[in-house]
Amino acid sequence: VQLQASGGGLVQAGGSPRLSCHPSGFIFRANHMGWYRQAPGKQRELVAAIAPGHNTQYSDSVKGRFTISRDNAKSTVYLQMNSLKPEDTAVYYCNAKTATSPDGAFPSWGQGTQVTVSS
């Protein structure tokens with residue numbers, strides 16, 4: 001399994017980057033997908049998830065600002081980030097999310113994509 005996220009970078013507060021993840025090695029369309037992030041000195045946390053049927057869920061910290069979406073034909077999951085805040089600075093990862101592995105189904109997280117928000 002490969003989980004490769006992209007689209008991060010240095011962004012000013014209030015910016016709106018879009019992250020992408022095109023995983024391989026499993027049946028994308030059959031799996032819930034999640035975007036996770038890990039800030040320096042903190043544990044990795046789930047910020048958004050999307051079911052195969054496109055139902056979504058968000059952490060309270062990003063609700064109303066981030067939008068997760070997926071294109072099953074392209075096996076790609078996206079995270080549209082709006083109204084970024086400095087506290088959103090973190091490495092962002094994607095992973096499959098299951099009932100038994102809500103913190104990420106696959107151990108191969110990849111490098112993630114760094115998002116740094118300047119104030």
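In case you missed it, the structure is sitting above this.
Quick caveat: nothing in here was measured; it's all calculated off a predicted structure. (Residues numbered from 1 in each chain as written. Predicted model: local features only at pLDDT ≥ 70, side-chain atom pairs only at ≥ 80, totals over all residues. Heavy atoms only, no water.)

Colleague: Help me understand the sheet that holds strand 6 (residues 56–58), please; the structure alone is not making it clear to me.
Modeller: Sheet strands associate in pairs through backbone hydrogen bonding, adopting either a parallel or an antiparallel arrangement. Spatially, the 6 strands line up as an open sheet ordered 2-10-9-4-5-6, and their pairing is mixed. Every interior strand has two partners, whereas the edge strands, strand 2 (9–12) and strand 6, have only one. The sheet shows a mean angle of 25° between the axes of neighbouring strands, taken without regard to direction. Two elements, strand 9 (residues 90–97) and strand 10 (residues 113–118), share 3 bridges in a ladder whose sense is antiparallel. Bridge pairing in strand 10 places Val91 opposite Gln114. (Pairing = 2+ DSSP bridges. Helix = DSSP H or I, 4+ residues; strand = E, 2+ residues; numbered from the N terminus. Axes fitted to C-alpha atoms, helices over the stretch in contact; angles between N-to-C directions.)

Colleague: Would you explain the pairing of strand 3 (residues 18–21) in this entry?
Modeller: Regular strands show a simple pattern: their side chains alternate between the two faces of the sheet. Examined bridge by bridge, strand 1 (residues 5–6) and strand 3 share 2 bridges and lie antiparallel to one another. Within the sheet, the bridge partner assigned to Ser6 lies in strand 3 and is Ser20. Pairing geometry for strand 3 and strand 8 (residues 76–81), over 4 bridges, is antiparallel. Each residue of the ladder has a partner; that of Leu19, found in strand 8, is Leu79.

Colleague: What should I look at first to understand the pattern of salt bridges in this one?
Modeller: Oppositely charged side chains can form a pair if their charged atoms are brought close together. By the definition in use, this model includes 4 salt bridges. Between Asp88 and Arg37 there is a salt bridge whose closest N-O contact spans 2.9 Å. Of this pair, Asp88 sits in the loop between strand 8 and strand 9 while Arg37 sits in strand 4 (residues 32–38), placing them 51 residues apart in sequence. Between Lys63 and Asp60 there is a salt bridge whose closest N-O contact spans 3.4 Å. Residue Lys63 shares its accessibility class with Asp60, and that shared class is exposed. Each of the salt bridges in this network shares a partner with another, and the network as a whole consists of Arg37, Glu45, Arg65 and Asp88. (Salt bridge = Lys/Arg side-chain N within 4 Å of Asp/Glu carboxyl O. Buried < 20%, exposed > 50% of the residue type's maximum accessible area, 1.4 Å probe, protein only.)

Colleague: Mind showing me how you'd approach the environment of Val62 here?
Modeller: Relative to the helices and strands, Val62 resides in the loop between strand 6 and strand 7 (66–71). The contact partners of Val62, leaving out residues within four places of it in the chain, are Arg37 and Val47. (Contact = heavy atoms within 4.5 Å.)

Colleague: How should I be thinking about the sheet that holds strand 7 in this particular structure?
Modeller: Taken in spatial order, the 4 strands make up an open sheet running 1-3-8-7, and their pairing is antiparallel. Edge positions in the sheet fall to strand 1 and strand 7, since each of these pairs with one other strand and no more.

Colleague: Would you take a moment to explain the state of the cysteines for this structure?
Modeller: Any covalent bond linking the sulfur atoms of two cysteines counts as a disulfide. Enumeration according to the criterion identifies 1 disulfide in this entry. Paired through a disulfide, Cys21 and Cys94 show a sulfur-sulfur distance of 1.7 Å. Residue Cys21 is located in strand 3, and its partner Cys94 is located in strand 9; the two are separated by 73 residues in the primary sequence. Note on accessibility: Cys21 and Cys94 belong to one class, buried. (Disulfide = S-S within 2.5 Å.)

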